[in-house]
Amino acid sequence: MIFSFFRKKKGSHLNTISFYNLENLFDTIDDPKTLDDDFTPKGRKKWSLRRYKKKLYKLAKTIAEIGNTETQSPPVLVGVAEIENEQVMQDLLASEPLANVSYDYVHYDSPDERGIDCGLIYHKDHFEVLYSEPIAVLIYEEDERRDTTRDILYVKGKLNNEQVHIFVNHWPSRRSGNTTTEHKRMIAAETMIRFMARIEEDEAEPNYIIMGDFNDGPQSDSIKKLIDTKTLYNPMEKLLTPDRGSANYKRSWMLFDQIMVSHSFLNFEKGTHSFAHANIFDEHFLTEFKGKYMGSPYRTYVGNRYLGGYSDHFPVYIQLKYNA
């Protein structure tokens, strides 16, 4: 089936770039090297092939519709987090309606103990991959054991023939508390800054697109350090309000999911892209419809109780206008 919103409006030069934390997108196969036992048919969550396929369809439907109101076409780039492996990426892109889109992906296995990774989905008609690599975030405990976390995915490519540097992030969580984990996210920010400095040895004004679930909000020290050191623009700062965000914890909104760009996207020059718009994709179908959590992301599980929703995060997106 060819969906009508895949037909890009003639004369439209807007390109949607999105990030989506897919909330534990695991297959049903037990990987003995990772802590994925809960997401198996015999695990605590009773994760079945039927539930897996249902989630794939819901996520694919969501991705296809992000930014569609403005562009009448699916996103050209989608960064994702909490993907278990390469097969899951393939299964997602083979699900309707994404199977009809000329998508490909970049993915590397990361050392995360649960086996969850970052990935980049890209539209082959608009984006060409030139180079990619995973960037290790090296965090060590007091006993010198490595605290394994997700790698940062780096992709260098051409967006409508303009060179860009893309970073997809999923920084260390706050599970043990913000104060005790804050330094880990600062290390992730510093890792990014050092890598970008290497790029700037060869390029005077690189085009950066930095996206991810940072587990820190726009006003956090780690995000501020990244923004201030590399003079980036964070359009997400204006989106967080007491009534809106990308995730909700104890009835408080957070905006850990963000997309930042270099100041080069604030200029207008023929043959380049200019920043046009930023938003949270919090459509009604992605939300809890009733009860005390009404309006919050409609997630797949609450603890071990299966709800059958999409994710505990809303996608976020920006749009870049191509200056023809």
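Structure shown above.
Residues numbered from 1 in each chain as written. Predicted model: local features only at pLDDT ≥ 70, side-chain atom pairs only at ≥ 80, totals over all residues. Heavy atoms only, no water.

A. Summary view of the overall build of the protein chain. Secondary structure assignment for the protein chain yields five helices and 16 strands. In terms of C-alpha radius of gyration, the protein chain reaches 19 Å, essentially the compact-globule figure of 20 Å for 324 residues. Its C-alpha atoms put the protein chain at 55 × 55 × 40 Å along the principal axes. Put simply, of all contacts in the protein chain between residues at least 6 apart along the chain, 70% involve residues at least 24 apart. In the structure as shown, the protein chain presents an accessible area of about 15,000 Å², 48% of it carried by carbon and sulfur atoms. (Helix = DSSP H or I, 4+ residues; strand = E, 2+ residues; numbered from the N terminus. Rg over C-alpha atoms; globule rule 2.2 N^0.38 Å. Contact = heavy atoms within 4.5 Å. Areas by Shrake-Rupley, 256 points an atom, 1.4 Å probe, with all protein chains shown as cover.)

B. Examining the packing of aromatic side chains more closely. Summed over the entire model, instances satisfying the criterion amount to 20 aromatic pairs. Plain terms: the ring middles of Phe 167 and Phe 195 are 5.8 Å apart, the flat faces sit at 85° to each other, and that makes the pair edge-to-face. With Phe 167 in strand S7 (residues 162-170) and Phe 195 in helix H4 (residues 178-200), the pair connects residues that are 28 residues apart, well separated along the chain. Phe 195 matches Phe 167 in its accessibility class, with the two residues each being buried. (Phe/Tyr/Trp six-rings, centres within 6.5 Å; stacked < 30°, edge-to-face > 60°. Buried < 20%, exposed > 50% of the residue type's maximum accessible area, 1.4 Å probe, protein only.)

C. Summary view of the side chain of Glu 133. In this structure, Glu 133 sits in strand S5 (residues 127-135). Lacking a salt bridge, the buried Glu 133 has Arg 198 as its closest oppositely charged neighbour, with an N-O distance of 4.4 Å. A polar contact of 2.8 Å, which involves the side chain of Glu 133, links it to the side chain of Tyr 131. Apart from the residues lying within four places of it in its own chain, the contact partners of Glu 133 are Tyr 108, Ile 152, Leu 153, Tyr 154, Phe 195 and Arg 198. (Lys, Arg positive; Asp, Glu negative; His and termini not counted. Salt bridge = Lys/Arg side-chain N within 4 Å of Asp/Glu carboxyl O. Polar contact = N/O pair within 3.5 Å; in protein donor to acceptor, adjacent residues only side chain to side chain.)

D. Quick look at unusual backbone geometry. A cis amide bond, omega 5°, links Glu 96 with the succeeding residue Pro 97. Considering the arrangement of structural elements, one finds Pro 97 in the loop between helix H3 (86-93) and strand S3 (103-107). At Asn 24, a residue that is not glycine, the phi angle is positive and equals roughly 55°. Counting through the fold element by element, Asn 24 comes out in strand S1 (residues 14-25). According to the relative accessible area criterion, Asn 24 is buried, its value standing at 15%. A positive phi angle, near 55°, is found at Gln 72, a position not held by glycine. Turning to its location among the elements, Gln 72 is positioned in the loop between helix H2 (68-71) and strand S2 (77-83).

E. The arrangement of the sheet that holds S5 in detail. Spatially, S5-S6-S7-S8-S12-S9 is the arrangement adopted by the six strands of the open sheet, whose pairing is mixed. The sheet is open, and its two edges are formed by S5 and strand S9 (232-233), each paired on a single side. Two elements, S5 and strand S6 (residues 152-159), share eight bridges in a ladder whose sense is antiparallel. Within the sheet, the bridge partner assigned to Glu 133 lies in S6 and is Tyr 154. Here H4 sits on the sheet and contacts S5, S6, S7, strand S8 (208-213) and S9; the angle it forms with S7, its principal contact strand, is near 165°. (Pairing = 2+ DSSP bridges. Axes fitted to C-alpha atoms, helices over the stretch in contact; angles between N-to-C directions.)

F. Quick look at the sheet that holds strand S4 (residues 117-123). With mixed pairing, the six strands of this open sheet are ordered in space as S3-S4-S2-S1-S16-S13. At either margin of the open sheet sits one strand with a lone partner, and together these are S3 and strand S13 (273-280). The mean inter-strand angle of the sheet, taken between neighbouring strand axes irrespective of direction, is 20°. In terms of strand pairing, S1 meets strand S16 (residues 316-322) through six bridges, oriented antiparallel. Across the sheet, residue Leu 14 finds its bridge partner in S16, namely Lys 321. Against the sheet, helix H1 (residues 49-65) touches S1, S2 and S4, its axis set at about 160° to S1. Contacting S1, S2, S3 and S4, H3 crosses the sheet at an angle of about 165° to S3.

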